[in-house]
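Listed below, chain by chain, are the residues.
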Amino acid sequence: MDSSHAHHTISELSYWLAFMTGLLGSGHCLGMCGGLVSGFFMKLGAKGPWPYLSYHAARVGIYTLIGVVAALLGSALVSTGQIGLWQGLLQIVAGIVVILLGLDLLGISPLRNRVGFAPVAWLRRQFTLAVQKGPIAGALIGGAINGMMPCSMTMAMAVKASTAPSVIDGGLLMLAFGAGTLPSMLSASVLFGKLGPGLRGWLLKGAALFVIALGLSTLWQGIRYYLVMRQLIV
């Protein structure tokens, strides 16, 4: 297997794991955001499919943008010296962080995630005010704000995206994650309250296992890459 084919296979595996994390994380999404989203659309008075499509297009778009920014930051880090070694080390650190975030989702991590992309109070205030902007504009703003809400799964995917080989790969990874969340979030107003806490808990555990698998994959890639580059450089 040549290196380009191996890279393609690893990328496809990462996309699949990211998509399954979003899909199995549906219960977590409904538990954290289902009521918020349902209440938002009740106040918005949305009619027809366009406000809903606008909301989730903006939300997934923010995920993709986060992936692009994370990949850019990762590229900037590995370009500050011995690129090969730094890239391997970045993947090792990212793998460990993703594993810890997966354990956090399971509730057994020694380190609890308290990191968000923006201040929570400010986000919630803007989210509430968005309904005043009209069905389409309000939905776009609300969806974008929802995409920045603190979440261990989103954070884990963003950390993974920072190790992506290109900006496009980073964006696609987060896009795959966002696509996985669409079934539950699109039907949040219908499913919220009908999906019991027990089932949501089991779905969250499944999502956490996929996050951990993604972290282990990243860690293994980093160790292997670091060892190869160390032999070439040293």
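This text follows the structure it describes.
Since we're looking at a predicted model, the values are computed, not measured.

## Let's talk about the packing of aromatic side chains
This structure, assessed with the given rule, holds 3 aromatic pairs. Both rings, one in Phe40 and one in Tyr55, keep their centres 5.5 Å apart while their planes meet at 50°; by these two values the pair is tilted. Pair noted here: Phe40 is in helix H2 (residues 26-44) and Tyr55 is in helix H3 (residues 50-78), with a separation of 15 residues, a long-range link. Accessibility expressed as a relative area gives 3% for Phe40, which makes it buried. With a relative accessible area of 0%, Tyr55 lands in the buried category. Consider the rings of Tyr63 and Phe177, whose centres lie 5.4 Å apart with planes at 55°: the pair is tilted. One end of the pair, Tyr63, is in helix H3; the other, Phe177, is in helix H8 (residues 167-186), with 114 residues separating them in the sequence. Assessed through its relative accessible area of 7%, Tyr63 is described here as buried. A relative accessible area of 1% means that Phe177 is categorised as buried.

Conventions adopted
Residues numbered from 1 in each chain as written. Predicted model: local features only at pLDDT ≥ 70, side-chain atom pairs only at ≥ 80, totals over all residues. Heavy atoms only, no water. Phe/Tyr/Trp six-rings, centres within 6.5 Å; stacked < 30°, edge-to-face > 60°. Helix = DSSP H or I, 4+ residues; strand = E, 2+ residues; numbered from the N terminus. Buried < 20%, exposed > 50% of the residue type's maximum accessible area, 1.4 Å probe, protein only.

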